[in-house]
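What the coordinates show
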Amino acid sequence: MKKAKLDTEHSHTKTSEEGKMTTVPLTVDKFTFHHVLGTGSFGMVMLATDSIQKERVAIKAVKKQVMTWNKEEITEGKILQMTHESIFLVHGYGAFHTETYLYYVMELVTGGTLDVFEERAPLSLCTVQFLVAEIVCGVQFLHSKGIIHRDLKYDNILLTSQGHIKITDFGLSFRITKEGYFNGTPALEKIIGEPYLAADDWFNLGIIINGLVSSPENLERFKTFIELVENRETSEYFTPTIKDLLMGLLCKDKSLRLGIRGNIREHDFFSSINWEEVESGKMTSPLKISTKDATDEYVTTPSVAR
């Protein structure tokens, strides 16, 4: 699939019978839709085959009506234009639209979601270190571009067939520019006095880590996640170093939260991590991913709106 600027003018190149290259605009008819991979408040993601390139892709369909609150209307599309710069983000290939829907064409990631491994918690220390290190790389890339994900969770962290992570779903993301704007409106902190928007992503990472290093806890006994961590006894899996990491990420004061104050990569939890190796994608994943394509597990037949 050609990786080009992700906008409504994106198109395929095709060789004609005379051997000439021609341009074929992207439309719904250029794809065969198989089944729904996932749904959310703003749309659904479907497995599809590109009839020209003969490649399987993931296509997210979003109703234009639910996007009218956003002046730029295609903030997610603008973010997908940048994702090819990081191996830890799902890459966008193109976009097109119909009268009522906007479609984002993205790479297909076939290893399932992180929630499968959260259900097997607690995971080994080396596995958690690897997963969290890759997530940190993805989050820091987004923040370097002024993007706050705002919806980091197990379902939005996909796994490749080689066991590497890919952050997905930018439907709730903010993009803050140097001019102080996000989503086409004045930056949120200028409206509500909140200068630490990026801290929310680090808090959500803390929740993810907590779920990977411990069996499910009864949160009802505690008012907050930080209280849960404070009152948990250390163990083989929940080490003092992990507890300290979580205390930093879940800190109630956003200005003091790890990731906002201090470089998270320098925390003792990552002392054995070679960050250059992680960034390059050369670090071998300790995860054992099933050879079965996880995208084949979904059987819902999509109704493709036009």
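If you look the protein chain up in an unreviewed UniProt entry, it shows as Protein kinase domain-containing protein from Ranitomeya imitator. Annotation of the protein chain in UniProt includes, under Sequence similarities (unreviewed entry), the sentence "Belongs to the protein kinase superfamily."

Quick word on unusual backbone geometry
A positive phi angle is found at Arg150, which is not glycine, with a value near 75°. Taking relative accessible area as the criterion, Arg150 reaches 37% and is therefore assigned partly exposed.

Here we look at the packing of helix 5 (residues 199-213) against helix 7 (residues 240-249)
Orientation of helix 5 relative to helix 7, taken along the N-to-C sense of each, is 150°, at an axis distance of 8 Å. Considering their axes alone, helix 5 and helix 7 lie roughly antiparallel with respect to each other. The chirality of how helix 5 crosses helix 7 is left-handed. Note on element contacts: helix 7 touches helix 5 through Ile242, Leu245, Leu246 and Leu249, opposite Trp202, Phe203, Leu205, Gly206, Ile209, Asn210 and Val213. Across the contact of helix 5 with helix 7, the residue classes tally to nine nonpolar, two polar and no charged.

Regarding the nonpolar core
The biggest cluster of nonpolar side chains holds 59 residues, and the ones touching the most others in it are Leu131, Leu205, Ile264 and Phe270. No other element matches helix 3 (residues 125-144), which puts 11 residues into this core. For Phe270, the residues in contact, after removing those within four places along its chain, are Gln129, Val132, Ala133, Val136, Leu245, Ile264, Arg265 and Trp275. Phe31, Phe33, Met44 and Ala48 belong to the second-largest nonpolar core, a separate cluster that totals 16 residues.

Topic: the packing of aromatic side chains
The tally for this structure, following the rule as stated, stands at six aromatic pairs. Taking 6.5 Å as the distance between ring centres and 55° as the angle between the ring planes, the aromatic pair formed by Phe31 and Phe33 counts as tilted. We classify Phe33 as buried; its relative accessible area is 16%. Relative to Phe270, the ring of Phe269 has its centre 5.0 Å away and its plane inclined at 80°; by these criteria the two rings are edge-to-face. Following the ring pairs from residue to residue traces out a cluster consisting of Phe31, Phe33, Phe96, Tyr101 and Tyr103. For the cation-ring pair, Arg120 lies above Phe117, with the distance from its terminal atom to the ring centre recorded as 4.7 Å.

Conventions adopted
- Residues numbered from 1 in each chain as written.
- Predicted model: local features only at pLDDT ≥ 70, side-chain atom pairs only at ≥ 80, totals over all residues.
- Heavy atoms only, no water.
- UniProt positions renumbered as here; feature names shortened; annotations may be inferred.
- Buried < 20%, exposed > 50% of the residue type's maximum accessible area, 1.4 Å probe, protein only.
- Axes fitted to C-alpha atoms, helices over the stretch in contact; angles between N-to-C directions.
- Helix = DSSP H or I, 4+ residues; strand = E, 2+ residues; numbered from the N terminus.
- Parallel < 35°, antiparallel > 145°, perpendicular 65-115°, else oblique.
- Left-handed = near helix turned anticlockwise from the far one by under 90°.
- Contact = heavy atoms within 4.5 Å.
- Nonpolar A, V, L, I, M, F, W, Y, C, P; charged D, E, K, R; others polar.
- Core = buried A, V, L, I, M, F, W, Y, C linked by side-chain atoms within 4.5 Å.
- Phe/Tyr/Trp six-rings, centres within 6.5 Å; stacked < 30°, edge-to-face > 60°.
- Lys NZ or Arg CZ within 6 Å of the ring centre and 35° of its normal.

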